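Overview (structure and organization)
The lines below spell out each chain.
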Amino acid sequence: MGDGGVVERGRPRAERVATTDRRIVAGRLAARPGYRTVRTGGTEDWLLMYTCAGRVRTAEHGDVRADEGSVLALAPGTPHDYGTDPAAEGWTVLWAHVLPRPEWLGLLDLPRAGTGVGRIALTGPLAERVAAAFTRAVGLSTSAVGNAVLFGVNAVEEALLWCATQNDRGTTTDPRLLAVLEHLSAHLAEPHTVRSLARVAGLSPSRLSRLFAARLGTGVMAHVEDRRMDMACRLLTLSDLPVREVARQVGYADPLYFSTRFRRAVGCPPSAYRLRSAGPPRG
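These remarks concern the structure in this document. Model, not experiment: these values are computed from the prediction. (Residues numbered from 1 in each chain as written. Predicted model: local features only at pLDDT ≥ 70, side-chain atom pairs only at ≥ 80, totals over all residues. Heavy atoms only, no water.)

Some remarks on the overall build of the protein
Inclusion rule: Note on conventions: DSSP H or I runs of at least 4 residues are helices, E runs of at least 2 residues are strands, and numbering of each starts at the N terminus. For the radius of gyration, the atom set is restricted to C-alpha positions; the globular benchmark scales as 2.2 Å times the number of residues to the power 0.38. The classification of residues rests on relative accessible area computed with a 1.4 Å probe and restricted to protein chains. Under 20% of the type maximum is buried, over 50% is exposed, and intermediate values are partly exposed. Contact between two residues is taken to exist if any of their heavy atoms lie within 4.5 Å; hydrogens are not considered. Here the accessible surface of atoms and residues is derived via Shrake-Rupley with a 1.4 Å probe, and residues count as covered only by protein chains that are part of the display. Working convention for charge: Lys and Arg count positive, Asp and Glu count negative, and His plus the chain ends are omitted. Each charge is placed at NZ for Lys, CZ for Arg, CG for Asp and CD for Glu.
Helices and strands together make up the secondary structure of the protein, namely nine helices and 12 strands. The C-alpha radius of gyration computed for the protein amounts to 24 Å, which surpasses the reference 19 Å derived for 283 residues by more than 25%, pointing to a less compact arrangement than a globule. Its C-alpha atoms give the protein principal-axis dimensions of roughly 75 × 55 × 30 Å. Taken over 283 residues, the protein has a buried fraction of 42%. Within the protein, counting contacts between residues at least 6 apart in sequence, those at least 24 apart form 71% of the total. On the protein, roughly 14900 Å² of surface is accessible, and the fraction owed to carbon and sulfur atoms is 52%. For the protein, the centre of its 36 positive side-chain charges and the centre of its 28 negative side-chain charges are spaced 6 Å apart.

Looking at helix H6 (residues 220-238)
Condition: Multiplying 1.5 Å by the helix residue count minus one yields the expected span of that helix.
For H6, with 19 residues, the first-to-last C-alpha span of 27 Å sits near the 27 Å given by 1.5 Å per residue. All of the buried residues in H6 are Val220, His223, Val224, Glu225, Arg228, Met229, Ala232, Cys233, Leu235 and Leu236.

Focus: the layout of surface pockets
Selection criterion: Using protein atoms alone on a 1 Å grid, points that fit a 1.4 Å probe yet trap it form a cavity, whereas open point sets bounded by protein on both sides within 12 Å along at least five of seven lines form a pocket; residues with an atom within 4 Å of a point count as lining. Grid points are joined across faces, edges and corners, and a volume is the space filled by probe spheres set on the points. The nonpolar class holds Ala, Val, Leu, Ile, Met, Phe, Trp, Tyr, Cys and Pro. Asp, Glu, Lys and Arg form the charged class, and all remaining residues, Gly among them, are polar.
When its volume is computed, the largest pocket comes out at roughly 210 Å³. Looking at the largest pocket, the residues that line it are Ala121, Leu122, Thr123, Pro125, Leu126, Arg129, Gln166, Pro175, Arg176, Leu178, Ala179 and Glu182. Counting only elements with at least two residues in the lining of the largest pocket, the list comes to helix H1 (124-141) and helix H3 (175-186). Among the residues making up the lining of the largest pocket, the classes are represented as seven nonpolar, two polar and three charged.

Details of the pattern of salt bridges
Note the cut-off: Definition used for salt bridges: Asp or Glu carboxyl oxygen within 4 Å of a side-chain nitrogen of Lys or Arg.
Applying the stated criterion to the full structure yields 11 salt bridges. Between arginine 101 and glutamate 157 there is a salt bridge; the shortest N-O distance is 2.8 Å. Taken together, the residues arginine 101 in the loop between strand S10 (91-98) and strand S11 (112-114) and glutamate 157 in helix H2 (residues 148-164) connect sequence positions 56 residues apart. No difference in accessibility class separates arginine 101 from glutamate 157, as the two residues are buried. Across the pair glutamate 245 and arginine 248 runs a salt bridge whose closest N-O atoms are separated by 2.6 Å. Residue glutamate 245 and its partner arginine 248 are located together in helix H7 (residues 243-249), separated by three residues, close to a single helical turn. Salt bridges sharing common partners tie together Arg65, Asp67 and Asp85.

Structural notes on the packing of aromatic side chains
Formally: Only centres within 6.5 Å qualify two rings of Phe, Tyr or Trp (six-membered ring in Trp) as a pair; their planes then separate them into stacked at under 30 degrees, edge-to-face at over 60, and tilted for everything else. Sitting over a ring, as applied to charges here, requires NZ of Lys or CZ of Arg to be within 6 Å of the ring centre and within 35 degrees of the ring normal.
Here the structure, examined in full by the defined rule, presents seven aromatic pairs. Consider the rings of tyrosine 50 and phenylalanine 134, whose centres lie 6.2 Å apart with planes at 20 degrees: the pair is stacked. Taken together, the positions of tyrosine 50 in strand S5 (residues 46-54) and phenylalanine 134 in helix H1 put the pair 84 residues apart, joining distant regions of the chain. By the burial criterion, tyrosine 50 is buried, and phenylalanine 134 matches it. Centroid distance tyrosine 252 to phenylalanine 258: 5.6 Å. Interplanar angle 45 degrees. Geometry classified as tilted. We classify tyrosine 252 as buried; its relative accessible area is 7%. Since its relative accessible area comes to 0%, phenylalanine 258 is described here as buried. In this structure an aromatic cluster arises from ring pairing among Tyr252, Tyr257, Phe258, Phe262 and Tyr273. The residue whose ring lies beneath arginine 129 is tryptophan 162, and the NZ or CZ to ring-centre distance is 4.8 Å.

A short note on the sheet that holds S5
Rules: Strand pairing is assigned whenever DSSP identifies at least 2 bridges connecting the two strands. Axis definition: a line fitted to C-alpha atoms, limited for helices to the stretch in contact. Angles are taken between N-to-C directions and run from 0 to 180 degrees.
Sheet architecture is open: six strands sit in the order S3-S10-S5-S8-S12-S11, paired in antiparallel fashion. Edge positions in the sheet fall to strand S3 (24-31) and S11, since each of these pairs with one other strand and no more. Across this sheet, the average inter-strand angle for adjacent strands is 25 degrees, counted without regard to direction. Looking at chain direction, strand S8 (residues 70-74) and strand S12 (residues 117-121) are connected through five bridges and run antiparallel.

The structure is reproduced here in structure tokens:
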């Protein structure tokens, strides 16, 4: 971030902040009323901003408001004219100039808020996750830790991936459904019922069941079993754990019941699946 603009042959030139040697430059700004940054030619990189507190005004083909929890993405070459909203007492923002990986282009396609400006508003746990990811990126930007730049780029990518779950330009994920899916990923081996997972989502069991059917095309407990069988297949393929232990790690206290459910889902017993996945013996 900063002030000014470079003019070359009568035409504003985009400033270079992030470079191929330093693909991310990030920081935290606590701006007072009256703060303003102008870059008439924008920058050669993408500028991402997360508003922690206060409001921001951008002035390119009209104001773009960014209240608390908002993420802004300014494309390369987009003129910058932004600052603290006159009605706000201040503006705290986490920012990152970044040269994105090619596969990020879809992630950077936030809902359009102005020419060259995308914006998405986040609340609750999602806003907290994005803020945490940006905070890591800021800390790593000036860190002496080995591969700090790559860690910082990964932190920004994580933030964008969380934003993508709420981006209606792609496939959005209901935050309540996302909470259940994350809970299952972290606690797959624990006992689960529709009622217990509904409490995680803050919904009634019937509402959660309808949400699963509408968004995932399956029932709640059918999804739980699918995830358990997926994990069991990976453990059988990638480890030498006994079938009894595989059953326990994916949530089945009774290995015989696990074997029955596995055979119904996969088409063969766990031991046969392991032999089949091992492939021919190596010489």
